[in-house]
Amino acid sequence: RIYETGATKYAARNWEKGIPIGDYLDAAERHLTKYKMGMRDEPHLSMAFWNVACALWTASMVHLGLRPAELNDLPNHVGDGSVAPLAPYEVESLREFGLQSHKVELQLKVEKELSK
């Protein structure tokens, strides 16, 4: 239902076109804060979850080179000079799901869905 509401408010599949990771996390934090304050005027917990999921999806797409690197607008304090949007564990998860080796097919599928 969160997805449906967003599609009505912003446009279908708008989130897949590219929103900075920091924006998703800021929205998630706002919704978590409101939820913790006891506000139930909106489904704040569900909205926070949606924004975190979108941040992870965007970080994965940036890592795979399927979305612009600029969408990773967060600092990196690891100290290795990289600006990787994912932790090594998350990168390994992408490999386990076979996404690393199927980047081209995935890009074509995403672009086809967005053009609908």
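As a convention, each chain's residues are numbered from 1 in the sequence order in which they are written. In keeping with the model being predicted, local features are shown solely for residues with a pLDDT of at least 70 and side-chain atom pairs are shown and tallied solely at 80 or more, while totals for entire chains, interfaces and linings include all residues. Working from all heavy atoms in the structure, the side-chain values ignore hydrogens and water.

Examining the environment of Lys17
- You can see Lys17 is positioned in the loop between α1 (2-10) and α2 (21-36).
- A sequence separation of 50 residues divides Lys17 from Arg67, and the C-alpha atoms of the two residues are 8.3 Å apart. The helix count covers DSSP runs of H or I at least four residues long, the strand count covers runs of E at least two residues long, and both are numbered beginning at the N terminus.

Brief notes about α2
- Expected helix span is taken as 1.5 Å per residue step, with the number of steps being one fewer than the number of residues. Relative to the 22 Å expected for 16 residues at 1.5 Å per residue, α2 spans 22 Å between its end C-alpha atoms, a close match to the ideal helical length.
- Buried residues are those whose accessible area, probed at 1.4 Å on protein chains only, stays under 20% of the maximum for their type, while exposed residues exceed 50% and partly exposed ones sit between those limits. Among all positions of α2, only Ile21, Gly22, Tyr24, Ala27, Ala28 and His31 are buried.
- Between two residues, a contact is recorded if the distance between any of their heavy atoms is within 4.5 Å. Elements that come into contact with the buried residues of α2 comprise α3 (44-63).

Some remarks on unusual backbone geometry
- Positive phi is not limited to glycine here, since Ala11 has a value of about 130°.
- Structurally, the position occupied by Ala11 is in the loop between α1 and α2.

Describing the packing of aromatic side chains
- In summary, the pairing rule links any two rings of Phe, Tyr or Trp, Trp by its six-membered ring, whose centres are within 6.5 Å, and it sorts them by plane angle into stacked for under 30 degrees, edge-to-face for over 60 and tilted for everything else. Tallying each qualifying case throughout the model produces three aromatic pairs.
- Ring-pair connections join several aromatic residues into one group, and the members of that group are Tyr3, Trp15, Trp50 and Trp57.
- Either the NZ atom of lysine or the CZ atom of arginine qualifies as a charge over a ring when it sits within 6 Å of the ring centre and within 35 degrees of the ring normal. Here the guanidinium or amino end of Arg40 rests over the ring plane of Tyr35, the centre of that ring lying 4.1 Å away.

What about the packing of α2 against α3?
- Orientation of α2 relative to α3, taken along the N-to-C sense of each, is 160°, at an axis distance of 8 Å. If you check the angle between α2 and α3, you find them roughly antiparallel. The element α2 and its partner α3 pack so that their crossing is left-handed. When α2 is examined against α3, the residues Ile21, Tyr24, Leu25, Ala27, Ala28, His31, Leu32, Lys34 and Tyr35 are found in contact with a partner set consisting of His44, Leu45, Met47, Ala48, Asn51, Val52, Cys54, Ala55, Thr58 and Ala59.
- Here the nonpolar group is Ala, Val, Leu, Ile, Met, Phe, Trp, Tyr, Cys and Pro; Asp, Glu, Lys and Arg are the charged ones; every other residue, Gly included, is treated as polar. For the contact of α2 with α3, the residue count by class is 14 nonpolar, four polar and one charged. Think of each axis as a best-fit line through the C-alpha atoms, taken over the contacting stretch in the case of a helix, with angles from 0 to 180 degrees between the N-to-C directions. Here is the rule for angles: anything less than 35 degrees is roughly parallel, anything more than 145 is roughly antiparallel, 65 through 115 is roughly perpendicular, and the remaining ranges are oblique. Crossing chirality is assigned from the near helix's rotation relative to the far helix, an anticlockwise turn below a right angle marking it left-handed and a clockwise turn marking it right-handed.

A closer look at the nonpolar core
- For our purposes a nonpolar core is just a set of buried Ala, Val, Leu, Ile, Met, Phe, Trp, Tyr and Cys residues, chained together by side-chain atoms within 4.5 Å. In this structure, Trp15, Ile21, Tyr24, Cys54, Ala55, Ala59, Met61, Leu64, Leu66, Leu86, Val91 and Leu94 together form the largest nonpolar core, which totals 12 residues.
- When residues of this core are traced back to their parent elements, those giving at least two are α2, α3 and α4 (88-96).
- The dominant element in this core, judged by the number of residues it contributes, is α3, at four residues.

Overview of the pattern of salt bridges
- The working definition used for a salt bridge is a side-chain nitrogen of Lys or Arg within 4 Å of a carboxyl oxygen of Asp or Glu. On inspection of all chains with the given rule, the structure shows two salt bridges.
- Glu16 serves as the salt-bridge partner of Arg13, at 2.8 Å between the closest nitrogen and oxygen.
- In this structure Glu16 comes out as buried when scored by relative accessible area, which is 6%.
- Taking the shortest distance from any N to any O, the salt bridge between Glu92 and Arg95 comes out at 3.4 Å. Of this pair, Glu92 and Arg95 both sit in helix α4, three residues apart, roughly one helical turn.
- By relative accessible area, Arg95 is classed as partly exposed at 46%.

Some points on the confidence of the model for the protein
- Confidence of the prediction at every residue is given by pLDDT, a number between 0 and 100. The pLDDT averaged across the protein works out to 86; a share of 82% of its residues lies at or above 70.
- Considering each helix and strand of the protein separately, the mean pLDDT is smallest for helix α5 (residues 103-114), with a value of 66, and largest for α2, with 98.

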